[in-house]
Amino acid sequence: MNRYNICKKLGFTLIELSVVIIIIGLIIGSVLVGKDLVRSAEIRSTISQIEQYNSAVRTFQTKYNGIPGDLKYTDAAASGLYRITNAYVGYYGYGDGDGLVRNGSGAPGPNANMRLYGEPFMFWRHLGEAGLINGNYGAGLNTAAESGVVSSLEEVNKYIPAAKLTASTIAVGSPLDGRNYFLLIKMPTTTGVGAFGPSTNPLTAQEAYNMDSKIDDGLPTTGVVFAVDGTGDFNGTTPWKTVSADSGCVASSAYAITQTTPSCSLRFRFQ
């Protein structure tokens, strides 16, 4: 057998190379499609979560004549629900019954504006104690543990529930125009003492549009679902940036669906 024939037998034909390239392309394509399907499933599940929480709030209001977290501390005590300690009575945001679930302010203690025992954290504990959602959130409220640094998403999710969307959280807080909202955000895993620090954006503009369209009108500035730039403090004294300040999420009063970088968070109004 001459050298030419040996080389010919050991090599690949153009057809064989084409088949290999096609197979590699199919594998890569299936992986990408698989990721898209998983992400779509997460978004659908997160929408279901928010609808469940909405229903739980309505049931709580009917039963207790108040909003979880914001329920006046005397009514919470009479109903066998968690309430603040006496040191915080008289400061807004600690069970004052004003109809807004907001962080406490002016109360004793360091970093009081974002302490772990304000209304946004009592909100989830009340729903759990009332048997309206699964989970035991906020078991460490008003304990020594609250003064430590929350250093992981697992720690965050002891106080507020994880979203079905990977590495995201469903919080409550930052009322707007006298209304309450759920907030879909991506919480950082390292924060200040006794507090959760700034959030980040978990959604691309296309994903935010898809969620908005399924629940509301598909527009970022109208209806009951609003796009926001969630890179501020999710429950601090500094309001979240207006949606117009985040061009990666919104352009000309519509979602910038051609953008691929996660740049959107969403507010979902209580209904």
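Residues numbered from 1 in each chain as written. Predicted model: local features only at pLDDT ≥ 70, side-chain atom pairs only at ≥ 80, totals over all residues. Heavy atoms only, no water.

1. Looking at the packing of aromatic side chains
Thought 1: Overall, the coordinates contain 11 aromatic pairs when judged by the stated rule.
Thought 2: On the numbers, 4.6 Å between centres and 45 degrees between planes, the contact of F182 with F270 is tilted. Of this pair, F182 sits in strand 2 (residues 181-185) while F270 sits in the segment after strand 6 (265-269), and the two are 88 residues apart along the sequence.
Thought 3: Grouping aromatic residues by their ring pairs yields a cluster made of Y53, F123, W124, Y137, F182 and F270.
Thought 4: Over the ring of Y181 we find R267; its NZ or CZ atom is 5.1 Å from the centre of that ring. (Phe/Tyr/Trp six-rings, centres within 6.5 Å; stacked < 30°, edge-to-face > 60°. Helix = DSSP H or I, 4+ residues; strand = E, 2+ residues; numbered from the N terminus. Lys NZ or Arg CZ within 6 Å of the ring centre and 35° of its normal.)

2. Thoughts on a nonpolar patch on the surface
Thought 1: A cluster of nonpolar side chains, I15, V19, I23 and I27, forms an exposed patch at the surface whose accessible area comes to about 390 Å².
Thought 2: Position of V19 relative to the elements: it lies in helix 2 (residues 14-64).
Thought 3: On the basis of relative accessible area, V19 is assigned to the partly exposed category, the value being 41%. (Patch = residues over 30% accessible without salt bridge, like charges linked within 9 Å, V, L, I, M, F, W, Y side chains within 5 Å. Areas by Shrake-Rupley, 256 points an atom, 1.4 Å probe, with all protein chains shown as cover. Salt bridge = Lys/Arg side-chain N within 4 Å of Asp/Glu carboxyl O. Buried < 20%, exposed > 50% of the residue type's maximum accessible area, 1.4 Å probe, protein only.)

3. Details of helix 4 (residues 119-129)
Thought 1: Of all 11 residues in helix 4, nine are buried, a share of seventy percent or more.
Thought 2: Residues of helix 4 that are buried include every one of E119, P120, F121, M122, F123, W124, R125, H126 and L127, and no others.
Thought 3: Just beyond helix 4, the residue with positive phi is G131, at close to 75 degrees.

4. Remarks on helix 6 (residues 205-215)
Thought 1: Of the residues making up helix 6, those classed as buried are A205, E207, A208, M211 and D212. Buried positions in helix 6, seen along its axis, are confined to an arc of 160 degrees and lie on one side of it. (Arc of directions from axis to C-beta.)

5. Description of the state of the cysteines
Thought 1: Per the stated rule, a full pass over the model turns up one disulfide.
Thought 2: Each sulfur of the disulfide joining C249 and C264 lies 2.0 Å from the other. Here the S-S torsion is close to 115 degrees, and the disulfide linking C249 with C264 is therefore right-handed. Here the residue C249 occupies a position in the loop between strand 3 (225-228) and strand 4 (250-251), and C264 occupies one in the loop between strand 5 (254-255) and strand 6, the gap between them amounting to 15 residues. (Disulfide = S-S within 2.5 Å.)

6. Comments concerning the sheet that holds strand 3
Thought 1: With antiparallel pairing, four strands are arranged side by side in an open sheet as 1-2-6-3. The open sheet has two edge strands, strand 1 (169-172) and strand 3, and neither has a second partner. The mean inter-strand angle of the sheet, taken between neighbouring strand axes irrespective of direction, is 25 degrees.
Thought 2: Examined bridge by bridge, strand 3 and strand 6 share four bridges and lie antiparallel to one another. Looking at the pairing, F226 lines up with R267 of strand 6. (Pairing = 2+ DSSP bridges. Axes fitted to C-alpha atoms, helices over the stretch in contact; angles between N-to-C directions.)

7. Section: unusual backbone geometry
Thought 1: In the Ramachandran plot, N65 falls in the positive-phi region, its phi being about 55 degrees despite a non-glycine side chain.
Thought 2: Take N65: it is sitting in the loop between helix 2 and helix 3 (73-78).
Thought 3: N65 gets classed as exposed once you look at its relative accessible area, which sits at 72%.

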